[in-house]
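# Structural description and commentary
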Amino acid sequence: MSRLFQIALAIIAVTGASAASAQGLTDAQARAIIAPWYSMFNISTRGDVKAIQEQVLTADYESCSGYLPGECWGRDTSIKVVSNFANSIPDMKFGIKEVLVAGDRVIVRGEVTGTPAGELFGVPHTGKSFRIMAIDIQTVRDGKIARTFHMENWLTALGQLRSK
């Protein structure tokens, strides 16, 4: 059993997910639900961010990078955040490397690449590109994404952008 799969199962167990009470998505269903979401991060082909998010996210959607207050935001803020990537990282791409499905959860291991158009998180513009790993745990409800727990390795991106 792969290490990533073991970690994903542990996360699901800790958060109280139960396969018996979950939707039981198939791999094909899960991929069809998440595909439009990840297409928005491929800036050159992304389409209308607001329309796509309203189509694929529940009205009460939460995007969370942690458990502390202020580390989760709703669909309207998500629309603004994702829309801003076109300005800050105009060639951004998100490549899906692995998808694991467990009940109503979809775990995605991806790779984010891009070249910032200007300063990024305090690092001055250098014209350099980055390549980082991202892990998302999507909770699906009624055929839409209801919550995303996400972790992107931005520290590695900053190191790549600062390197000589």
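What comes next concerns the included structure. (Residues numbered from 1 in each chain as written. Predicted model: local features only at pLDDT ≥ 70, side-chain atom pairs only at ≥ 80, totals over all residues. Heavy atoms only, no water.)

## Quick word on the overall build of the chain
Just so we agree on the cut-off: Numbering of helices and strands runs from the N terminus, with a helix taken as a DSSP run of H or I at least four residues long and a strand as a DSSP run of E at least two residues long. A 1.4 Å probe rolled over the protein chains alone gives each residue an accessible area, and that area as a share of the maximum for its type sets the label: buried under 20%, exposed over 50%, partly exposed in between. Shrake-Rupley sampling with a 1.4 Å probe provides the accessible areas, and residues are treated as covered by the protein chains on show and by no other component.
A count of helical and extended segments in the chain gives five helices and six strands. Within the chain, buried positions represent 38% of all 164 residues. For the chain, the accessible area works out to roughly 8800 Å², and carbon and sulfur atoms hold 57% of it.

## Description of empty space enclosed by the protein
Here is the rule we go by: Two kinds of site are reported from a 1 Å grid over the protein atoms alone, namely cavities, where a 1.4 Å probe fits but cannot get out, and pockets, open sets with protein on both sides within 12 Å along at least five of seven lines, and residues are called lining when an atom falls within 4 Å of a point. Grid points are joined across faces, edges and corners, and a volume is the space filled by probe spheres set on the points. Put simply, Ala, Val, Leu, Ile, Met, Phe, Trp, Tyr, Cys and Pro go in the nonpolar bin, Asp, Glu, Lys and Arg in the charged bin, and everything else, Gly too, in the polar bin.
Considering all chains together, one arrives at one cavity of 30 Å³ or more under this definition. In this structure, the largest cavity spans a volume of roughly 40 Å³. Lining the largest cavity we find Pro-116, Gly-118, Glu-119, Leu-120, Val-123, Pro-124, His-125, Thr-126, Gly-127, Lys-128 and Leu-161. Across the lining of the largest cavity, the residue classes tally to five nonpolar, four polar and two charged.

## So, the packing of aromatic side chains
Our working definition: Two aromatic rings from Phe, Tyr or Trp, using only the six-membered ring of Trp, form a pair when their centres are within 6.5 Å; if the ring planes differ by under 30 degrees the pair is stacked, by over 60 it is edge-to-face, and anything between is tilted.
Taken as a whole, this structure holds eight aromatic pairs when the rule is applied. Ring geometry for Tyr-38 and Phe-94: centres 4.7 Å apart, planes at 40 degrees, overall tilted. Here the residue Tyr-38 occupies a position in helix α2 (residues 27–39), and Phe-94 occupies one in strand β3 (residues 93–102), the gap between them amounting to 56 residues. With respect to class, Tyr-38 is no different from Phe-94; both count as buried. Pairing Phe-41 with Phe-94 gives two aromatic rings, centres 6.2 Å apart and planes at 50 degrees, and the pair type is tilted. Of the two residues, Phe-41 sits in the loop between α2 and α3 (49–56) while Phe-94 sits in strand β3, which places them 53 residues apart along the sequence. For the pair shown, Phe-41 and Phe-94 are each scored as buried.

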